[in-house]
Amino acid sequence: MSQPDPNRREFLVRMAQGAAIAGTGGLLWTYLLGNESRAAPYALRPPGALAESDFNAACIKCGQCVNDCPPHILKLEPAGGDLPIGMPFYEPRTGACIMCPDIPCMKACPTGALSPNLKRIEDARMGLAVIDIENCLSWKGLRCEICHRECPIKGKAITLETHPRQISKHAMFVPLVHSDACTGCGICEKACPTEVAAIRILPHKLVQGKIGEHYRLGWTFDTEVTQDFKAAPQAAPSATPEPGGKAGGLDYLNSGEGL
Amino acid sequence: MNAPASRQETARTDHAVPTGLWAWRYIILRRISQFGILLMFFGTAHWGWQVAKDTPLLTGNLSASKFIGLIPLTDPFAALQIFLAGHVLQQESLIGAAIVFALYLLVGGRVFCAWVCPVNLVTDAAGWLRSRLGIGTLVHLSRGLRYFVLAATLAISVITGLAAFEWVSPVGMAHREIIFGLGAGFTALLAIFLFDLLLLKHGWCGHLCPLGAFYSLVGKTAQVRVRFDKDTCTHCGECARVCPEPQVLNLKKLEERGYVFSGECSNCGRCTPICPEGSLKFDFKPLIRGHLAADAIAVNRRTR
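Everything numeric here is computed off the predicted structure, so don't read it as measured data.

**Digging into the domain arrangement of chain A**
Residue and element names in this part refer to chain A. Taken as a whole, chain A is organised into domain 1 (29–123) and domain 2 (127–208). Here domain 1 and domain 2 have C-alpha centroids that lie 25 Å from each other. Counting residues at the interface gives ten residues for domain 1, matched by 15 residues for domain 2. Each residue belonging to the side of domain 1 that touches domain 2 can be placed in one class, and the counts come to eight nonpolar, no polar and two charged.

**Details of the packing of helix α7 (residues 145–160) of chain B against helix α11 (residues 210–218) of chain B**
Residue and element names in this part refer to chain B. Two elements in contact, α7 and α11, have axes separated by 8 Å at closest approach and are oriented at 100°. If you check the angle between α7 and α11, you find them roughly perpendicular. Where α7 approaches α11, its residues Arg 146, Tyr 147, Val 149, Leu 150 and Thr 153 are matched on the opposing element by Pro 210, Gly 212, Ala 213 and Phe 214. The residue makeup of the contact of α7 with α11, split by class, is six nonpolar, two polar and one charged.

**Thoughts on the packing of helix α6 (residues 119–133) of chain B against helix α9 (residues 185–199) of chain B**
Residue and element names in this part refer to chain B. One can describe the packing of α6 onto α9 by two numbers: an axis separation of 8 Å at closest approach and a directional angle of 30°. Taken as axis vectors, α6 and α9 run roughly parallel relative to one another. At the point where α6 passes α9, the crossing takes the right-handed sense. Where α6 abuts α9, its residues Val 119, Val 122, Thr 123, Ala 125, Ala 126, Gly 127, Leu 129 and Arg 130 lie against Leu 189, Ile 192, Phe 193, Asp 196 and Leu 197.

**Describing the sheet that holds strand β3 (residues 58–60) of chain B**
Residue and element names in this part refer to chain B. Ordered by their spatial adjacency, three strands build an open sheet running β3-β4-β5, and the pairing between neighbours is antiparallel. Since the sheet does not close on itself, it has two edges, and those belong to β3 and β5 (71–74), each with one partner. Here the strands of the sheet are splayed against their neighbours by 20° on average, with no regard to which way each runs. Strand direction decides the pairing type here: β3 and strand β4 (residues 64–67), joined by three bridges, are antiparallel.

**Describing the domain arrangement of chain B**
By convention, interface size is frequently given as the accessible area that disappears when the constituent parts associate. Residues and elements named next belong to chain B. For chain B, the assigned domains read domain 1 (26–218) and domain 2 (224–303). Domain 1 and domain 2 are separated by 28 Å when their C-alpha centres are compared. At the level of secondary structure, the elements contributing two or more residues to the side of domain 1 that touches domain 2 comprise α2 (25–46), α5 (111–115), α10 (203–208) and α11. Among the elements that line the side of domain 1 that touches domain 2, the one with the most residues is α5, at three residues. A per-class count over the side of domain 1 that touches domain 2 returns seven nonpolar, six polar and three charged.

Reading the values: the criteria
- Residues numbered from 1 in each chain as written.
- Chains lettered and ligands numbered in written order.
- Predicted model: local features only at pLDDT ≥ 70, side-chain atom pairs only at ≥ 80, totals over all residues.
- Domains from an automatic or database assignment.
- Contact = placed C-beta atoms within 7 Å.
- Nonpolar A, V, L, I, M, F, W, Y, C, P; charged D, E, K, R; others polar.
- Axes fitted to C-alpha atoms, helices over the stretch in contact; angles between N-to-C directions.
- Helix = DSSP H or I, 4+ residues; strand = E, 2+ residues; numbered from the N terminus.
- Parallel < 35°, antiparallel > 145°, perpendicular 65-115°, else oblique.
- Left-handed = near helix turned anticlockwise from the far one by under 90°.
- Pairing = 2+ DSSP bridges.

Below, the structure written as structure tokens:
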């Protein structure tokens, strides 16, 4: 066996020491990053922003969208704030998106974190307006309706519905938000006259439920009724055949286990 | 500063050590560059500076920007991290990264550190105060550690799907918060100041910063370098005393190559005015090669 080369040994030890410092630091670093990126789920991003985790990866934190925003509503989160560091956001109560048709913030983005696939500002989904009906003036029976009147897509994103008023013969006119048209611009939140806004923009994932594929709304106009229903999987061959031998839907009451 | 008379006699040129403002020329130029770039960003963001109607002067920040509404500029290190985090960058930022990368390949990667980076103002201040107060070193770290931090940055970007350094970078924080509004980023600068002042000389820029490490690697091809004249050098050590990366002034290696070749040299120009013999001067690498060739020919003639 040859003598171990002291230089080589020293080199290897130094490499191991460097790797150890970078490794322990790296673990701490990874932990910090995880915390920072999950900081708060309620950040409202400019139009065209990618889904949260993709946006976190793609945004280079340059602030060009902030500079190019005509109403100057976008801000970059400074260090130590509630939201993930350095990325653009807006707060509708103080500064709502005015939905510029040419989407200058998206065009300013160099990395594609604000996706150029957004062609029409009406297709932006920055958030969703949610009404607190306990504090909404219209739901108190007043003819407020300011959110409906201010809405840039009124009649589609916010409609007025009639709602019976307990003992009075006069109906209430209450606003209703439709997620298929609401962009989350926040003009309604900005305009709401209550002390704390009764209509607010929140990220979709915080407010939207999902009905699930297995519900068939047989009474809706565009749903085919019963004809293309598939039979229940062959898992229960011993089940009693359906009376009359028709094409079977799923019998939720008796054989819906595991749904 | 005063070289002994015998040394001056042997010097090939009758070089006088510059005094007054001229001795500070590179520091002054660097501050003008650092503040000027910061001011261009700030003025565009806050005062709407533009070169023509609807063409802002310099929008964005050091991570990514657009100069006169035309030339995209992107931090190539940030772009690399974002790519490793799993995002395919749009063309504009790729072109911007290529432009910046090419520029630093030419002038030296760490020119960013000495002439552009806002943290340099903080670390220079800490370094100056440290030498004034004569503070000793508490922590010893290898200057090679930054390359491990660089490797960790890239690995963590892949693992977490986030541009690892961009999320914690004091450089980015400082720049963003000066341009786009204050936050806790200044505490990071304060931490760097205290670390550099009290714990380790040139601690952040010279030992830890992965961006500096990245640009050190980029800097290997630099065409602007400090030329070293071995005939006039008296080995007084003034240059190494002021150099923030004194390992690049290894005289034995400098004598072989004739110029400061390490990518870790930031072309800050501290060594050139302070050299009593004028042995260190900025020059272009091809010209340096030319000088060396001419010297070799001269030597050949003499020995023939």
